[in-house]
Amino acid sequence: MSTPATKPIPSNMSSLTPHLVCSDAIQAIEFYKKAFGAVEEMKLLAPNGQLVHAALRIGDSMLMLAEECPQWGSLGPKSLNGSPVVIHLMVPDVDATVAQAIAAGATLTMPVSDMFWGDRYGQIVDPFGHRWSVATRVRDLSPEEMHEAMLKAMPSA
């Protein structure tokens, strides 16, 4: 009896998946559950109880997590004094999601407001140093309409 071929991209994954490194990664899992309604799909712990790998589902997307591992050069944003990466999360109600994330321990870095590109949008930093932008689409705009709105919104140089 032959077995079905292994899919190169598993059906529960998409082509691009954030994989976050955190200090206190087990606490990060709990934060993402409270802040964004994440569902834990898998968790691998080392014999010492340290998180080796976790897979969480937020909406229709996967988020992977691992504990810092300095000996492998794997450090989180707190150890690196910040991160240039912003994780973008689209949600049905940005105001409620940002409020929920703040209640769970996130820090507001950009208040939610309507943006020229058609989203209601804000930014937070989670307790583990990862930056998140959170948005809800409120207006569909063509690229030309976005460009025109951007020019109106930007101060003159």
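Because the structure is a prediction, the values reported are computed rather than measured. (Residues numbered from 1 in each chain as written. Predicted model: local features only at pLDDT ≥ 70, side-chain atom pairs only at ≥ 80, totals over all residues. Heavy atoms only, no water.)

J.: Go over the packing of helix H1 (residues 25–36) against helix H2 (residues 94–104), please, and point to the residues and values.
T.: The contact between H1 and H2 brings their axes to 7 Å, and the two run at 145°. In the crossing of H1 with H2, the sense of the turn from one axis to the other is right-handed. Of the residues in H2, those touching H1 at Phe31, Lys34, Ala35 and Phe36 are Thr97, Gln100, Ala101 and Ala104. (Axes fitted to C-alpha atoms, helices over the stretch in contact; angles between N-to-C directions. Helix = DSSP H or I, 4+ residues; strand = E, 2+ residues; numbered from the N terminus. Left-handed = near helix turned anticlockwise from the far one by under 90°. Contact = heavy atoms within 4.5 Å.)

J.: So, the packing of aromatic side chains: which residues are in play, and what are the values?
T.: Per the counting criterion, the structure on display carries nine aromatic pairs. Where Phe31 meets Tyr32, the ring centres are 5.4 Å apart and the plane angle is 70°; that geometry is what we call edge-to-face. Taking relative accessible area as the criterion, Phe31 reaches 4% and is therefore assigned buried. Summarising the aromatic geometry, the rings of Tyr32 and Trp132 are spaced 5.6 Å apart at their centres and angled 50° between planes, so their arrangement reads as tilted. A residue pair is termed long-range when its members are at least 10 positions apart, and Tyr32 in helix H1 and Trp132 in strand E8 (residues 131–137) qualify at 100 residues. We classify Tyr32 as buried; its relative accessible area is 0%. (Phe/Tyr/Trp six-rings, centres within 6.5 Å; stacked < 30°, edge-to-face > 60°. Buried < 20%, exposed > 50% of the residue type's maximum accessible area, 1.4 Å probe, protein only.)

J.: Please give an account of the side chain of Thr17 that cites residues and values.
T.: If you trace the backbone, Thr17 turns up in the segment before strand E1 (19–22). Other than its neighbours up to four places away in sequence, Thr17 contacts Met62, Leu63 and Met64.

J.: Explain the sheet that holds E8 to me, using residue names and the numbers behind them.
T.: The four strands lie next to each other as E5-E8-E7-E6, forming an open sheet whose pairing is mixed. In the strand order of this sheet, the two ends are held by strand E5 (86–90) and strand E6 (107–114), each with one partner. Shown here is a sheet whose adjacent strand axes are inclined to one another by a mean of 15°, direction ignored. Strand direction decides the pairing type here: E6 and strand E7 (residues 119–125), joined by five bridges, are antiparallel. Residue pairing across strands places Met110 opposite Gln123, the latter belonging to E7. (Pairing = 2+ DSSP bridges.)

J.: Please set out the pattern of salt bridges residue by residue, giving values where relevant.
T.: Throughout the structure, instances matching the rule amount to nine salt bridges. The salt bridge partner of Lys33 is Glu40, with a shortest N-O separation of 3.2 Å. Between Asp114 and Arg120 there is a salt bridge, with its nearest N and O atoms 3.2 Å apart. Residues participating in the shared-partner salt-bridge network are Glu30, Lys33, Glu40 and Lys43. (Salt bridge = Lys/Arg side-chain N within 4 Å of Asp/Glu carboxyl O.)

J.: So what's going on with the sheet that holds strand E3 (residues 51–58)? Which residues, and what values?
T.: Strand pairing in a sheet takes place through backbone hydrogen bonds and is either antiparallel or parallel in direction. Ordered by their spatial adjacency, four strands build an open sheet running E1-E4-E3-E2, and the pairing between neighbours is mixed. Looking at the sheet topology across the chains shown, the edges are occupied by E1 and strand E2 (39–45). Across the sheet, the mean angle from the axis of one strand to that of its neighbour is 20°, orientation sign disregarded. Relative to strand E4 (residues 61–67), E3 runs antiparallel, the two being bridged by five bridges. From the neighbouring strand, Ala55 faces E4, where its bridge partner is Met64. Strands in contact with H1 are E1, E2, E3 and E4; relative to E4, the strand with the most contacts, it is inclined by about 155°.

J.: Explain the nonpolar core to me, using residue names and the numbers behind them.
T.: Counting residues in each nonpolar core, the largest one holds 28 residues, and the members touching the most others are Leu20, Cys22, Tyr32, Phe36, Leu65 and Trp132. It is H1 that contributes the most residues to this core, seven residues altogether. Excluding residues that lie within four positions of it along the chain, Trp132 makes contacts with Leu20, Tyr32, Phe36, Ile58, Leu63, Val86, Ile87, Leu89, Gly122, Gln123, Ile124 and Asp126. (Core = buried A, V, L, I, M, F, W, Y, C linked by side-chain atoms within 4.5 Å.)

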